[in-house]
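Letter by letter, the chains look like this.
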Amino acid sequence: LIGHRGVKDLSPENTLDSIKLAYKLGLKWIEVDVKVSKDFIPILLHDDRLNRTTNSIGSPIDFNYNDLRKLDAGSFFYQYPTNIYIPSLKEVLNFCKKNNIGLNIELKPNKGFEVDNVNSIVKILNTFGFDNKFLFSSFDLLSLITMKKLIPKAYYGLLIHSFNKEIFIDNIINICEKYHFISCGLNKSIINIDVVKSLKKKNIIINAYGEKNFDLSEAKELWSIGINSLFIDDPTEFKNY
Ligand code: G3P
Ligand code: MG
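Counting starts from 1 at the beginning of each chain's written sequence and moves along it residue by residue. A letter from A marks each chain and a number from 1 marks each ligand, given out in the order of writing. The predicted origin of the model limits local features to residues at a pLDDT of at least 70 and limits the giving and counting of side-chain atom pairs to 80 or more, whereas totals for whole chains, interfaces and linings rest on all residues. Where side-chain values are given, they derive from all heavy atoms of the structure, hydrogens and water being excluded.

Caption draft 1: How the structure looks around unusual backbone geometry. A positive phi angle, near 55°, is found at Arg5, a position not held by glycine. Under the DSSP-based scheme used, a helix requires at least four consecutive residues in state H or I and a strand at least two consecutive residues in state E, with every element numbered from the N terminus. Looking at the element boundaries, Arg5 is found in the loop between strand S1 (2-4) and helix H1 (16-24). On the basis of relative accessible area, Arg5 is assigned to the buried category, the value being 10%. With a phi close to 60°, Asn203 is a non-glycine residue in the positive phi region. Mapping Asn203 onto the fold places it in the loop between helix H8 (193-201) and strand S8 (205-209). Per-residue accessibility, obtained with a 1.4 Å probe over protein chains only, is compared with the maximum for each type, and a residue is labelled buried under 20%, exposed over 50%, and partly exposed between these values.

Now the structure itself:
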């Protein structure tokens, strides 16, 4: 189980509160979405815009981090004002390192800032002494390739939301093999036995994510067909499993 944006159903997504709660609930790996501010500070934010998860509007790329940090990143969840803010990746790395949490950094750049995002993340990571407990994942191939060139020994995973003419299973496998990506994160809607078998044949680890939390019975079914890990929004039901 990988905590999804922390534990996004229990605490405001992509915040330190949510990450701390995921850790408290026993999760050993946590996924966060990372993009840069105007002054190239890597921050945690899922959307291209601030509208849904903060009390502001607009694009994070138009604000320096000092200003982003003043925003309320908790009120959308609690429906009252909070002191919860958008954390920098640096703060998250500090917490994860201290508590030995594996961090899945999803590279989630705003369009046009793919390379800046990677460069800014690498700059921060270099000050942390890299120790391999990182999985970099992305829907954006350019981000993954750029990051892999700079930190070749980390783990990499390609995220796939849907299949189409250019994105189909053979092509995905070719990409994973070409760039030595170890995993594929699939939207649950495109998972079936054939897809799983094809990826397994090539020893590609399969992660599943969904728009809603996985319940235990659904998780068991996915594990039974060979899915390795699930992004979980609320692990409460899994406590005694
Ligand atoms: O990495 C799995 C999942 O986080 C991908 O989707 O939209 O939640 O970032 P999203
Ligand atoms: Mg994500």
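Having seen the model, we can carry on.
Caption draft 2: Spatial organisation of the site of ligand 1. Contacts to ligand 1 come from His4, Arg5, Glu31, Asp33, His46, Glu106, Lys108, Phe139, Leu159, Tyr209 and Phe231. A distance of 2.7 Å separates an oxygen atom of ligand 1 from a polar atom in the side chain of His4. Only the protein chains shown count as cover for residues, with accessible areas throughout obtained via the Shrake-Rupley method and a probe of 1.4 Å. Look at ligand 1: alone it shows 290 Å² of surface, and the protein chains cover 92% of it. Among the residues forming the shell around ligand 1, the class breakdown is four nonpolar, two polar and five charged. Being near a molecule or strand, for a residue, means having at least one of its heavy atoms within 4 Å of it. N or O atoms closer than or at 3.5 Å make up a polar contact, with two conditions inside protein: a donor-capable atom paired with an acceptor-capable one, and, for residues adjacent in sequence, both atoms drawn from side chains. Here the term charged refers only to Asp, Glu, Lys and Arg, the term nonpolar to Ala, Val, Leu, Ile, Met, Phe, Trp, Tyr, Cys and Pro, and the term polar to all other amino acids, Gly among them.

Caption draft 3: Broad picture of the packing of aromatic side chains. Geometry of aromatic contacts follows a simple scheme: Phe, Tyr and Trp rings, the Trp one being its six-membered ring, pair when their centres are within 6.5 Å, and the pair is stacked under 30 degrees between planes, edge-to-face over 60, tilted otherwise. According to the stated counting rule, one finds eleven aromatic pairs in the structure shown. Taking 6.0 Å as the distance between ring centres and 15° as the angle between the ring planes, the aromatic pair formed by Phe134 and Phe136 counts as stacked. Looking at Phe136, the relative accessible area reads 0%, which means it is buried. Judged by centre distance (6.3 Å) and plane angle (35°), the rings of Tyr156 and Phe181 are tilted. A residue pair is termed long-range when its members are at least 10 positions apart, and Tyr156 in strand S6 (residues 155-160) and Phe181 in the loop between helix H7 (169-179) and strand S7 (183-187) qualify at 25 residues.

Geometric values such as these leave the question of function open.
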